[in-house]
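Tertiary structure, described
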Amino acid sequence: MAGTTNLFKIKTPIVPTHTPFNAEVYDPAEDSFLLLDALEMDLGSQISNDDQLLPILCLEIGPGSGIISTGLITTEYFQEHIPIIFTIDINPSACLLTQKTSQRNNCHGKIESILGNGLVSYKTFRHPFDLILCNPPYVPSPPDEFDSNDSNLLRISWDGGIDGNEFILPLLHSLPKLLAENGKMYILLSSWNHPEKLMEFVLPILGLEGQLVTKRAAGRERLSVWRIQWK
């Protein structure tokens, strides 16, 4: 088991900070690093317990800077087994910065960035995914609350609507069309999203179940990463 875990040791990628795209893309923060930590601690056990996950068809929804996919593709396991990770983002600057990040970390050609709406990813791809990653927009934001310093593209990377679940709920409902039979999704959620209620009341009607992987306090909120799979 220890050997398998080492295959998923993640070195935090370097994200370029002086590009034409940074101003319109969400900067890596506590939530990004928690998701990386969760993948490092949990993926090894999931792979070793389920050989059917080999090889892995992987999708990240809303990659932003590309720090998550780049961190994963640079692990020893992905270097040996996974030729490419697909990412999809509605923000063209995020797609371009993801490519810059992959190049900066010597992963050029290993991350395929697609411009599109992650909520309808199932219309873009012909096959379901074995591994789906997402750090969604989750911050509750009243319609009249707008920071003039934020561009519309930057805002959609964090703005989760009135209750924080405006993106998350449709995403969960799209999972049955996106997730392979033995697939796993890792999603970051905030206490603002009431993740326990999502796991208890939303996932079961979709035939899915969620397991807490890790959590961490971050100021006024509690961040958590959940593994979602078929029941």
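Above this text is the structure in question.
Residues numbered from 1 in each chain as written. Predicted model: local features only at pLDDT ≥ 70, side-chain atom pairs only at ≥ 80, totals over all residues. Heavy atoms only, no water.

Taken together, the buried positions of helix 7 (residues 168-178) are occupied by Ile168, Leu171, Leu172, Ser174, Leu175 and Leu178. Buried residues along helix 7 sit in contact with strand 1 (58-61), strand 4 (129-134), strand 5 (179-190), helix 8 (195-202), strand 6 (208-218) and strand 7 (221-230). (Buried < 20%, exposed > 50% of the residue type's maximum accessible area, 1.4 Å probe, protein only. Helix = DSSP H or I, 4+ residues; strand = E, 2+ residues; numbered from the N terminus. Contact = heavy atoms within 4.5 Å.)

The next subject is the environment of Pro195. Tracing the backbone shows Pro195 in helix 8. Judged by its relative accessible area of 4%, Pro195 is buried. Separated by 17 residues in sequence, Pro195 and Leu212 place their C-alpha atoms 9.5 Å apart. Once residues lying within four places of it in the same chain are set aside, the contact partners of Pro195 are Leu189, Ser190, Ser224 and Trp226.

With that settled, the discussion passes to the sheet that holds strand 7. Think of a sheet as strands paired side by side through backbone hydrogen bonds, with each pair either parallel or antiparallel. Reading across from one edge, 3-2-1-4-5-7-6 is the order of the 7 strands in this open sheet, with mixed pairing throughout. Taken across any chain shown, the strands that pair with only one partner, and hence form the sheet edges, are strand 3 (111-115) and strand 6. On average, each strand axis in the sheet is tilted by 15 degrees relative to the strand beside it, whichever way the strands run. Pairing of strand 1 with strand 4, which is carried by 4 bridges, proceeds in the parallel orientation. Paired with Glu60 across the two strands is Leu133, which belongs to strand 4. Sheet strands touched by helix 7: strand 1, strand 4, strand 5, strand 6 and strand 7. Its angle to strand 5, the strand with the most contacts, is close to 165 degrees. (Pairing = 2+ DSSP bridges. Axes fitted to C-alpha atoms, helices over the stretch in contact; angles between N-to-C directions.)

Right, let's talk about the packing of aromatic side chains for a bit. What the rule picks out here adds up to 6 aromatic pairs. The interplanar angle of 70 degrees and the centroid separation of 6.3 Å between the aromatic rings of Phe86 and Phe129 together place this pair among those described as edge-to-face. Of this pair, Phe86 sits in strand 2 (residues 85-89) while Phe129 sits in strand 4, placing them 43 residues apart in sequence. Summarising the aromatic geometry, the rings of Phe125 and Phe129 are spaced 4.9 Å apart at their centres and angled 90 degrees between planes, so their arrangement reads as edge-to-face. You'll find Phe125 and Phe129 in the same group, each marked buried. Grouped by ring-pair contacts, the aromatic residues Phe8, Tyr77 and Phe78 constitute a single cluster. (Phe/Tyr/Trp six-rings, centres within 6.5 Å; stacked < 30°, edge-to-face > 60°.)

So, about the pattern of salt bridges. Tallied over the full model, the rule gives 3 salt bridges. Across the pair Asp37 and Arg216 runs a salt bridge whose closest N-O atoms are separated by 2.8 Å. Of this pair, Asp37 sits in helix 2 (residues 30-49) while Arg216 sits in strand 6, placing them 179 residues apart in sequence. What makes Arg216 partly exposed here is its relative accessible area of 37%. Two residues, Asp42 and Arg227, come together in a salt bridge whose shortest N-O distance is 2.8 Å. A residue pair is termed long-range when its members are at least 10 positions apart, and Asp42 in helix 2 and Arg227 in strand 7 qualify at 185 residues. (Salt bridge = Lys/Arg side-chain N within 4 Å of Asp/Glu carboxyl O.)

This part takes up the environment of Ser32. By the secondary structure assignment, Ser32 is in helix 2. A residue is classified by how much of its surface remains accessible, and Ser32, at 4% relative accessible area, is buried. Here the alpha-carbon distance between Ser32 and Pro63, two residues 31 residues apart in the chain, equals 9.9 Å.

There is about 720 Å³ of room inside the largest pocket. For the lining of the largest pocket, the elements supplying multiple residues, two or more each, are helix 2, strand 1, helix 3 (67-73), strand 2 and strand 7. Here the element with the most residues in the lining of the largest pocket is helix 2; it accounts for 3 residues. Considered class by class, the residues forming the lining of the largest pocket number 23 nonpolar, 11 polar and 9 charged. (1 Å grid on protein atoms, 1.4 Å probe; cavity = no way out; pocket = protein on both sides within 12 Å on 5 of 7 lines; lining within 4 Å. Points joined across faces, edges and corners; volume = space filled by probe spheres on them. Nonpolar A, V, L, I, M, F, W, Y, C, P; charged D, E, K, R; others polar.)

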